[in-house]
Amino acid sequence: MEHGKELAESCMQYALELGADYADARFVTTTIEGHVYRNGAPVSGGRTPSAGIGMRVLVEGSMGFASIDRLDRGLARSAVETAVKMARTTRRREPVDMGGPVSNRASWSMDVRDSLRGVDIDTIAGLAGEMNRQMEGLPSYTLILSPVVCDKYLVTSEGTEVTGHTEQLQTYVLLTGHGKAGSEQRFMDLTTAGGWERVKDTGLVERVADEVQRFKRVLEVAVAPKELVQQPVDMVVGPEVAGIIAHENVGHPSEGDRIMGREGAQAGESFWRDLKIGEARVGSQQVTVCEDPTIPNTGGFYLYDDEGVRARRRFLIKEGVANEPLLNREFGARFGTGSNGAARAAGFDREPIIRMSNTFFAAGDHTFEELFEGISLGVYMRSFSEWNIDDRRYQSKYTGCEAYLIRDGALTDTLVKRPILESTSVGLLSAVDAVSKDEVLDFAATCGKGDPMQPVPVYAGGGHVRIRGIRLGGVG
Amino acid sequence: MTGLDTLMRYADRAVEHAGDRVNCVIARCTQGTEWQIRFSQNNVDISKVWERLGIEVFVALEGGRTGFGERSVTSEEDVVAAVDSVVAFTERMPQSVFYAGVEQRATRYEASTEDYDNRIEEFGERAPELVNACIDAAIESGATRVAGALKFSRRLSCLRTGHGVEGRAMSTAYDLNVRAFQEQLDWSGQGLACGTVPSAAEEEMLAAGHRAGELAKKAVGAVQGKPGVYDLIMSPTVAANVLGYIPASANPIMVLIGVSPLGDKIGEQIAPEWVSAADDPTVPGGLMRRTFDFEGTPAQRVDIVKDGVLKQFIHNTSTAAMYEVESTGSSEPTALGGQIKMLLPAPSNIVFNNGDTSVEELFYVDRPTIYVTSNWYTRWQDYREGTFSTIPRDAMFLIEGDRWTPIKNLRISDNSLRMFRNIDAMADDRTQVYWWEVDVPTFISTVRVTDCRFTAATQ
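Procedures and definitions
Residues numbered from 1 in each chain as written. Chains lettered and ligands numbered in written order. Predicted model: local features only at pLDDT ≥ 70, side-chain atom pairs only at ≥ 80, totals over all residues. Heavy atoms only, no water. Helix = DSSP H or I, 4+ residues; strand = E, 2+ residues; numbered from the N terminus. Rg over C-alpha atoms; globule rule 2.2 N^0.38 Å. Contact = heavy atoms within 4.5 Å. Areas by Shrake-Rupley, 256 points an atom, 1.4 Å probe, with all protein chains shown as cover. Lys, Arg positive; Asp, Glu negative; His and termini not counted. Charge placed at Lys NZ, Arg CZ, Asp CG, Glu CD. Pairing = 2+ DSSP bridges. Axes fitted to C-alpha atoms, helices over the stretch in contact; angles between N-to-C directions. Polar contact = N/O pair within 3.5 Å; in protein donor to acceptor, adjacent residues only side chain to side chain. Domains from an automatic or database assignment. Buried area = accessible area lost by both parts, 1.4 Å probe. Salt bridge = Lys/Arg side-chain N within 4 Å of Asp/Glu carboxyl O. Nonpolar A, V, L, I, M, F, W, Y, C, P; charged D, E, K, R; others polar. Patch = residues over 30% accessible without salt bridge, like charges linked within 9 Å, V, L, I, M, F, W, Y side chains within 5 Å. Core = buried A, V, L, I, M, F, W, Y, C linked by side-chain atoms within 4.5 Å. Buried < 20%, exposed > 50% of the residue type's maximum accessible area, 1.4 Å probe, protein only. Parallel < 35°, antiparallel > 145°, perpendicular 65-115°, else oblique. Left-handed = near helix turned anticlockwise from the far one by under 90°.

> What is the right way to look at the overall build of chain A in this model?
Across its full length, chain A carries 9 helices and 25 strands. Computed over the C-alpha atoms, the radius of gyration of chain A is 23 Å, within 12% of the 23 Å expected from 2.2 N^0.38 for a compact globule of 476 residues. With the C-alpha coordinates aligned to their principal axes, the bounding extent of chain A is approximately 75 × 55 × 35 Å. In chain A, the proportion of contacts linking residues at least 24 apart, taken out of those at least 6 apart, comes to 74%. About 15200 Å² of surface is accessible on chain A, with carbon and sulfur atoms providing 48% of the total. The positive charge centre, built from 54 side chains, and the negative charge centre, built from 67, are 3 Å apart in chain A.

The structure is reproduced here in structure tokens:
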């Protein structure tokens with residue numbers, strides 16, 4: 001690690017010598033191991049260690065980026081020269097402004113008791129065996145277990161020096177089944193954040209067992225009551241569905257680079273562009289959606305972002321009003337507010353861009369049971385399968401996987417097959433009239449953005465959310 | 001720049017070092033440089049360069065245990081460390097029930113310079129100017145705001161296997177994505193260009209800028225589309241994503257894990273008899289052109305859909321043994337999800353037959369038809385059924401006779417197998433598509449499909 005740090009520092013210094021107005025360098029080491037099983041049988045596995053440096057230089061208002069995948073001094077100097085040259089020849093029409101200087105010195109780490117570094121293959125195979133047993137009986141099931149350990153060091157020409165450490169057990173399950181109600185597939189990301197202790201702490205095996213039993217029931221008894229599409233109905237969505245709504249309909253459109261158009265050709269722009277932030281109502285009074293990287297043992301955890309800015313909770317929507325966009329330094333300067341610590345890079349070979357971390361509906365004041373009172377006909381969508389949203393993040397679709405009929409103020413055990421919630425972001429958030437007191441943040445996902453693609457781990461969730469008077473896009 | 005000789009020396013060293021500790025070893029050493037210029041709001045946002053030199057090592061040990069690793073290397077010591085790491089890892093692995101060996105024939109492949117751009121360095125010097133010219137082209141053609149990315153790369157690689165395969169390869173590539181907007185968020189258009197010789201593609205790149213601008217202009221005034229069932233005309237960009245998935249999923253491993261709709265369909269008529277699609281690593285200009293696969297099996301064209309009938313899957317040695325056929329030379333380290341790669345069959349370039357109808361003729365329709373020029377965020381309800389939805393983005397038009405009305409805010413919610421069967425016409429404008437939503441390079445033309453379901457937000 002020390003050689004890498006020293007090389008990163010020399011890259012930063014060399015960029016200044018070549019005339020850069022600002023320079024930073026991130027030295028990142030990552031070890032990824034992977035084990036893949038299909039129907040309980042091992043397919044293969046592998047181990048991929050990486051260590052490299054990504055550097056940014058700002059020259060006369062233009063940004064250059066270079067990355068090297070090996071700690072070679074000659075290559076590092078050549079990469080710096082290329083980055084400076086590319087930036088200089090760009091001659092950007094409007095100069096990039098990073099805002100006021102940031103000079104933080106800090107070291108942070110995810111809470112880890114039993115590091116994944118020390119977990120041997122037999123232990124992982126034992127866990128895989130337990131998890132696979134829970135899925136037996138299904139015609140097809142795939143399990144991927146992948147411990148990932150990452151250390152990073154950021155140094156900037158403004159005096160920032162930050163080290164960070166994360167560990168995750170990436171866990172993916174794909175279930176395929178057939179039953180009397182037809183066939184279904186369910187993909188689950190059950191990634192835990194922290195050391196091996198999180199397997200037990202989060203009840204990973206029990207969680208798989210529970211989800212498989214629920215999935216099997218969907219296969220057998222789900223029905224498609226036509227009355228649900230003949231009139232507007234009420235809905236309650238569970239933390240998983242609330243989480244994907246918070247992520248897609250709120251988190252993405254709040255990203256400052258989208259709002260200002262920088263992702264225009266890739267992930268898209270944002271309907272927030274045309275809103276007066278701080279005043280525009282995009283949901284009901286009951287909707288408050290937060291973004292918080294500082295929550296321990298979450299996929300999006302960090303205490304300083306990849307530009308060295310201290311992380312904090314952001315209130316994206318506060319009581320229904322678009323409140324605060326996610327910002328890095330460049331867009332913090334453009335919004336006139338400064339960064340709120342949302343810069344993340346998926347690896348040493350990616351530039352830091354504005355990303356979500358953990359996104360969730362803030363708790364409300366209802367109990368779970370109270371949410372169903374007063375609903376004469378409706379659907380409780382506990383989990384979802386197919387989903388998508390347009391690139392302005394305005395028109396979304398979520399198709400239920402495990403969903404139940406609500407009738408006469410009570411949740412029934414009648415499973416509803418594939419109810420479709422297809423709406424606009426504002427239409428959906430404006431129809432929310434209650435959120436439960438419980439706050440669950442365990443819906444793990446990999447968020448994609450950027451070009452080249454930057455997959456980063458995130459969590460999402462919140463309480464149970466009640467949505468009134470929705471016309472479903474279909475059932476069955 | 002590291003040369004092929006150094007790369008081969010590293011690959012040789014890996015095979016030699018694995019020695020008789022392994023039943024099988026494959027080592028591929030690759031050096032690459034990639035450049036990218038990203039732009040938005042008519043400005044270059046950032047210029048990037050990536051330098052990579054790494055080795056990929058696959059080993060199989062006694063008892064059918066397999067493992068894969070990759071890491072960067074600067075010396076033969078790094079190569080030795082890479083091999084030791086993979087072997088140590090694999091020694092602890094259980095037996096793979098899927099592994100059935102690798103290519104046994106010792107073949108030597110020389111590097112082909114066809115499709116290699118010797119002027120890529122010069123192109124790099126001109127690239128910032130070219131990006132600005134693309135922005136200007138889009139504006140000239142009717143846009144007010146332009147965003148996009150130009151990426152180009154150079155790659156050398158050497159393969160050596162314990163069974164005596166020796167292969168060298170060199171390639172260059174580029175892809176450009178231009179997206180043009182009016183001030184309004186949803187009046188936009190897209191232009192794409194991709195291929196293997198960037199220095200010969202400047203006109204094509206400018207044309208992509210013009211196309212994006214023209215479409216953005218035509219999208220002005222787009223109104224909410226009405227959900228329903230329409231005939232659908234897909235640009236090559238959309239067809240590559242929606243229809244290209246079918247031949248790209250003719251892969252036994254995708255069938256096994258439940259993400260292909262083709263599992264039990266070999267021998268079935270899945271498209272009209274005038275539709276064919278192949279996996280073709282030999283196609284000139286194909287971004288995934290290669291002469292041999294990761295095992296050292298010769299690359300070959302694989303006719304997946306012939307005259308509308310699903311004929312065969314792609315294979316590597318292991319899946320070929322499972323299906324009692326020959327390998328199709330399609331072995332490639334591939335991630336199944338997560339980030340760890342395994343030795344699996346993987347598609348190269350998907351190539352559809354070109355149509356025999358002019359694009360103009362394709363638009364002579366006597367039923368309400370929707371023309372979609374780009375799409376994104378394709379997601380599957382059930383891969384095996386083919387049930388999916390995807391979101392048209394950029395210019396989209398309702399065609400009623402001679403009248404074209406720009407529309408917006410619709411979603412294609414349908415079934416890919418059914419759409420494949422309902423292909424009604426293919427134009428003669430076949431082109432290669434590769435971008436965010438199409439990660440397997442696909443040669444396809446503008447395609448018309450009957451009776452497709454469009455949905456929209458209910459509130």
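Having put the structure on the table, let's press on.
> Explain the sheet that holds strand β9 (residues 233-237) of chain A to me, please; I cannot follow it from the model alone.
Strand-to-strand pairing in sheets goes through backbone hydrogen bonds, with the strands running parallel or antiparallel. All names here are of chain A. In space, the 6 strands of this open sheet follow the order β20-β19-β16-β9-β25-β22, with mixed pairing throughout. With one partner strand each, in any of the chains shown, β20 (410-415) and β22 (432-435) form the two edges of the open sheet. Averaged over all neighbouring strand pairs, the angle between strand axes comes to 25 degrees, with direction disregarded. For β9 and strand β16 (residues 377-381), the ladder comprises 4 bridges, and the chain directions are parallel. The residue of β16 that forms the bridge with V237 is M381. Sitting on the sheet, helix α5 (residues 204-221) touches β19 (403-407) and β20, and the angle it makes with β20 is about 70 degrees.

> What am I meant to see in the side chain of A:T176 here?
Relative to the helices and strands, A:T176 is located in strand β6 (residues 161-179). One polar contact links A:T176 to A:Q185, side chain to side chain, over a distance of 3.1 Å. Discounting residues that sit within four places of it in the chain, A:T176 has contacts with A:L138, A:P139, A:S140, A:E184, A:Q185, A:F215, B:I257, B:G258 and B:R384.

> Honestly, the domain arrangement of chain A in this entry has me stumped. Any pointers?
For interface size, the figure often reported is the accessible area lost on association. Residues and elements named next belong to chain A. When cut into domains, chain A gives domain 1 (2-221) and domain 2 (226-470). For domain 1 versus domain 2, the separation of C-alpha centres amounts to 22 Å. Each partner contributes residues to the interface: domain 1 has 54 residues there, and domain 2 has 43 residues. For the pair domain 1 and domain 2, the summed buried surface comes to about 3700 Å²; carbon and sulfur atoms form 49% of the total. Area buried by domain 1 at its contact with domain 2 is led by R26, W108 and R186, which between them contribute 15% of it.

> Just to check I follow, could you spell out the pattern of salt bridges for this structure?
Working definition: two side chains of opposite charge can pair if their charged atoms are close together. Residues and elements named next belong to chain A. All told, the structure shown has 84 salt bridges over all chains when counted by the stated rule. In this structure, R47 engages E33 in a salt bridge whose closest nitrogen and oxygen atoms are separated by 3.4 Å. Pair noted here: R47 is in strand β2 (residues 41-59) and E33 is in strand β1 (residues 22-38), with a separation of 14 residues, a long-range link. What emerges from the salt-bridge pattern is a single network uniting R186, D210, E211, R214, E240, R382 and E402.

> In this structure, what is going on with the domain arrangement of chain B? I would like to understand it.
All names here are of chain B. Taken domain by domain, chain B comprises domain 1 (4-215), domain 2 (216-243 + 354-455) and domain 3 (266-348). Buried surface at the junction of domain 1 and domain 3, summed over both partners, amounts to about 2000 Å²; 61% is from carbon and sulfur atoms. Broken down residue by residue, the surface that domain 1 buries against domain 3 is led by F68, E103 and Y109, which jointly contribute 27%. The interface formed by domain 1 and domain 3 holds 4 salt bridges in total. For R289, the salt bridge identified is with E114, shortest N-O distance 3.4 Å. Inspection of the domain 1/domain 3 interface yields 11 residue pairs in polar contact (both at pLDDT 80 or more). Only β1 (24-40), β2 (43-61), β3 (65-72), β5 (145-161), β6 (166-181) and β7 (188-195) provide two or more residues apiece to the side of domain 1 that touches domain 3. Considering every element that reaches the side of domain 1 that touches domain 3, the biggest residue donor is β6, with 5 residues. A per-class count over the side of domain 1 that touches domain 3 returns 14 nonpolar, 5 polar and 8 charged.

> Quick question: what am I supposed to make of the interface of chain A and chain B here?
On the chain B side, the residues contacting the 98 residues of chain A number 89 residues. Taking both partners together, chain A and chain B bury about 8100 Å²; carbon and sulfur atoms supply 49% of that area. Three residues, A:R70, A:R93 and A:E422, lead the burial of chain A against chain B; their summed loss comes to 8% of the area buried on that side. At the junction of chain A with chain B, the criterion picks out 12 salt bridges. Across the salt bridge formed by A:E351 and B:K48, the nearest N and O atoms sit 3.0 Å from each other. The pairing of strand β3 (residues 62-68) of chain A with β2(B) spans 5 bridges and is parallel. Looking across to β2(B), one finds that A:I68 is bridged to B:E51.

> Teacher, can you tell me more about a nonpolar patch on the surface here?
Together, B:M322, B:Y323 and B:V325 make up an exposed nonpolar region whose accessible area comes to about 250 Å². Tracing the backbone through its elements, the reader meets B:V325 in the loop between α8 (317-323) and β13 (331-335).

> Please clarify how the nonpolar core should be interpreted in this entry.
Inside soluble globular proteins, nonpolar side chains tend to come together where they are buried. Counting residues in hydrophobic clusters, the biggest one holds 62 residues, and the most contacted among them are B:M234, B:L243, B:F352, B:I370, B:M419, B:F420 and B:F454. Once residues within four sequence positions are removed from consideration, B:F352 is found in contact with B:L243, B:G244, B:P247, B:V275, B:S276, B:A277, B:F420, B:M426, B:R430, B:T442, B:F443 and B:I444. Core analysis: the next-biggest nonpolar cluster, separate from the first, contains 53 residues, A:L7, B:I37, B:A127 and B:C134 among them.

> Even after reading the chapter, I still don't get the packing of helix α1 (residues 4-18) of chain B against helix α2 (residues 76-91) of chain B, so can you show me in this structure?
Between two packed helices, what matters for the description is the angle formed by their axes and the separation of those axes. All names here are of chain B. In the contact formed by α1 and α2, the axes pass within 9 Å of each other and the chain directions differ by 45 degrees. Between α1 and α2, the interaxial angle falls into the category oblique. As for the relative orientation of α1 and α2, their crossing is right-handed in sense. Here α1 contributes R9, Y10, R13, A14, H17 and A18 to the contact with α2, which in turn contributes E76, V79, V80, V83 and D84. For the contact of α1 with α2, the residue count by class is 6 nonpolar, 1 polar and 4 charged.

> Before we go on, may I ask you to explain the sheet that holds strand β11 (residues 302-306) of chain B in this structure?
Residue and element names in this part refer to chain B. Reading across from one edge, β12-β11-β10-β15-β22-β21 is the order of the 6 strands in this open sheet, with mixed pairing throughout. The open sheet has two edge strands, β12 (309-310) and β21 (431-435), and neither has a second partner. In this structure, β21 lies alongside strand β22 (residues 438-444), joined through 4 bridges in antiparallel fashion. Looking across to β22, one finds that Q432 is bridged to F443.

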